[in-house]
Amino acid sequence: MTVSLVPRILVVEDEPHLATLVCDYLRQARYEAHALDHGSLVLPWVEQRRPDLIVLDLMLPGVDGLTLCRHLRANSDIPLVMITARVEEVDRLIGLEAGADDYLCKPFSPRELVARVKAVLRRYRPAPAQDGVVVFVPGAGLHVDRERHLAFWNGTPLDLTPAEFRLLSTFALSPGRVFSRDQLLDRLHDDQRNLSDRTVDSHVKNLRRKLESVCQGQEPIRSIYGVGYRFELDALKI
């Protein structure tokens, strides 16, 4: 396998001019950029080359971007930035629920896309050692290893997206604290993007569902009406 000294970005876009333009801007930003124009080519390429991030169009020939996004997120932690001509809010949420780390609507500035790519890659860099890297919640079976990006409940691994893992880490470090949606947005994304409260609700809903599946129907994340969310230890007793 070839080892790249710079981040390798895969651009999956079936519009040749746009794919070339995006790759040119990424290369100017000192990334290694590659382009594919058909959905069926993506998974074999990813398995062989292992990119550091994928820019993925929603509408593709062969296998559509949403299907690819779900498959990639279920089988890897490669960061994903989705792009599409659809502008409806529901499509944005579908993309995030499928596991995308960011979402950009056409037409967009290539410079903005490069900025988004940089921001997502920054969030994926290992954090320096610090207190609370490994969190074991007293009286509960929750174990969060922030350095290795792993989470367990009562020995069972939790299959979380990067956004869900950041949410769980936030809750685990401050059990019982009520977080507003704005506070959770700050912990999800550090690049000051203009995202809606529904983005937080979508990620919390998915995290809550995964926790409940291993907590025998218990509900550790409680909604606080008009405020936000609270992580309750009493709901996670072994």
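Parameters at a glance
Numbering of residues starts from 1 in every chain and runs along the sequence as written. Owing to the predicted nature of the model, reporting of local features is limited to residues with pLDDT of at least 70; listing and counting of side-chain atom pairs is limited to 80 or more, with chain, interface and lining totals taken over all residues. Neither water nor hydrogens contribute to the side-chain values; these are computed over all heavy atoms in the structure. Only DSSP runs of H or I covering at least 4 residues are called helices, and only runs of E covering at least 2 are called strands; the numbering of each starts at the N terminus. Relative accessibility under 20% of the residue-type maximum defines a buried residue, over 50% an exposed one, and the middle range a partly exposed one, all with a 1.4 Å probe and only protein chains included. Only the protein chains shown count as cover for residues, and the accessible areas themselves come from Shrake-Rupley with a 1.4 Å probe. DSSP-based pairing: two strands are paired if at least 2 bridges between them are found. Think of each axis as a best-fit line through the C-alpha atoms, taken over the contacting stretch in the case of a helix, with angles from 0 to 180 degrees between the N-to-C directions. Every residue pair with non-hydrogen atoms within 4.5 Å of one another is taken to be in contact. Any pair of Phe, Tyr and Trp rings, taking the six-membered ring for Trp, is counted once the centres come within 6.5 Å. Such a pair is stacked with planes under 30 degrees apart, edge-to-face with planes over 60 apart, and tilted for the rest. With strands facing away from the observer, any crossover in which the path from the first strand over the helix to the second runs clockwise is taken as right-handed. Within 3.5 Å is the distance limit for a polar contact, defined as a pair of N or O atoms, with the added protein rule that one can donate a hydrogen and the other accept it, and that residues adjacent in sequence qualify only through two side-chain atoms.

Asks: Quick question: what am I supposed to make of the overall build of the protein chain here?
Replies: Looking only at helices and strands, the protein chain features eight helices and 12 strands. Here the protein chain, with 238 residues, has 47% of them falling under the buried criterion. Of the roughly 12,100 Å² of accessible surface on the protein chain, a fraction of 51% belongs to carbon and sulfur atoms.

Asks: Sorry, what's going on with the sheet that holds strand S2 (residues 32-36) here?
Replies: Strand pairing in a sheet relies on backbone hydrogen bonds. The paired strands run either parallel or antiparallel. Taken in spatial order, the five strands of this open sheet run S2-S1-S3-S4-S5, and their pairing is parallel. On the outer flanks of this sheet lie S2 and strand S5 (102-105), each paired with one strand and no other. Each strand of the sheet is rotated relative to its neighbour by a mean of 20 degrees, with strand direction disregarded. As paired elements, strand S1 (residues 8-12) and S2 share five bridges and run parallel to each other. Bridged to Val 12 within S2 is Leu 36. Running at roughly 170 degrees to S2, helix H1 (residues 16-28) makes contact with S1 and S2 of the sheet.

Asks: So what exactly am I meant to see when it comes to the packing of aromatic side chains here?
Replies: Centre-to-centre distance and the angle between the planes together describe a pair of aromatic rings. The full count for this structure, using the stated rule, is two aromatic pairs. Aromatic pair Phe 171 and Phe 179: ring centres 5.9 Å apart, planes at 80 degrees, arrangement edge-to-face. For the pair shown, Phe 171 and Phe 179 are each scored as buried. Taking the centre distance of 6.0 Å and the plane angle of 15 degrees together, the rings of Phe 171 and Phe 231 count as stacked.

Asks: Would you take a moment to explain the sheet that holds strand S12 (residues 228-231) for this structure?
Replies: Reading across the sheet, the three strands line up as S10-S12-S11 and stay open at both edges, with antiparallel pairing between neighbours. In this open sheet, the two edge strands, each paired with only one partner strand, are strand S10 (178-180) and strand S11 (221-224). Averaged over all pairs of adjacent strands, the angle between their axes in this sheet comes to 30 degrees, without regard to strand direction. Bridge analysis of S11 against S12 gives four bridges, and the strand direction is antiparallel. Bridging from a neighbouring strand, Arg 222 pairs with Arg 230 of S12. Where helix H6 (residues 162-173) meets the sheet, its contacts fall on S10, S11 and S12, and the angle it forms with S12 comes to roughly 65 degrees. Lying over the sheet, helix H7 (residues 181-188) contacts S10 and S12, oriented at roughly 80 degrees with respect to S10.

Asks: So what exactly am I meant to see when it comes to the environment of Ser 174 here?
Replies: As for its position among the elements, Ser 174 is in the loop between H6 and S10. Residues Ser 174 and Phe 231 lie 57 residues apart in sequence; the distance between their C-alpha atoms is 7.9 Å.

Asks: Which parts of the structure should I look at to understand the pairing of S1?
Replies: On a regular strand, each side chain points to the face opposite its neighbour's, so the side chains alternate between the two faces of the sheet. Of all five residues that make up S1, five are buried, and the element is covered over most of its length. Side chains of S1 alternate between two faces, with Arg 8, Leu 10 and Val 12 and Ile 9 and Val 11 buried alike. Between S1 and its parallel partner S2, the chain crosses via H1, and the hand of that crossover is right-handed. Inspection of the sheet shows S1 paired to strand S3 (residues 53-57) by four bridges, in the parallel sense. What sits directly across from Leu 10, in S3, is Ile 54.

Asks: Sorry if this is basic, but what is going on with the side chain of Ser 76 here?
Replies: With respect to the secondary-structure elements, Ser 76 resides in the loop between helix H3 (65-75) and strand S4 (80-84). Note on Ser 76: relative accessible area 18%, which makes it buried. At a separation of 3.5 Å, a polar atom in the side chain of Ser 76 contacts the main-chain amide nitrogen of Ile 78.

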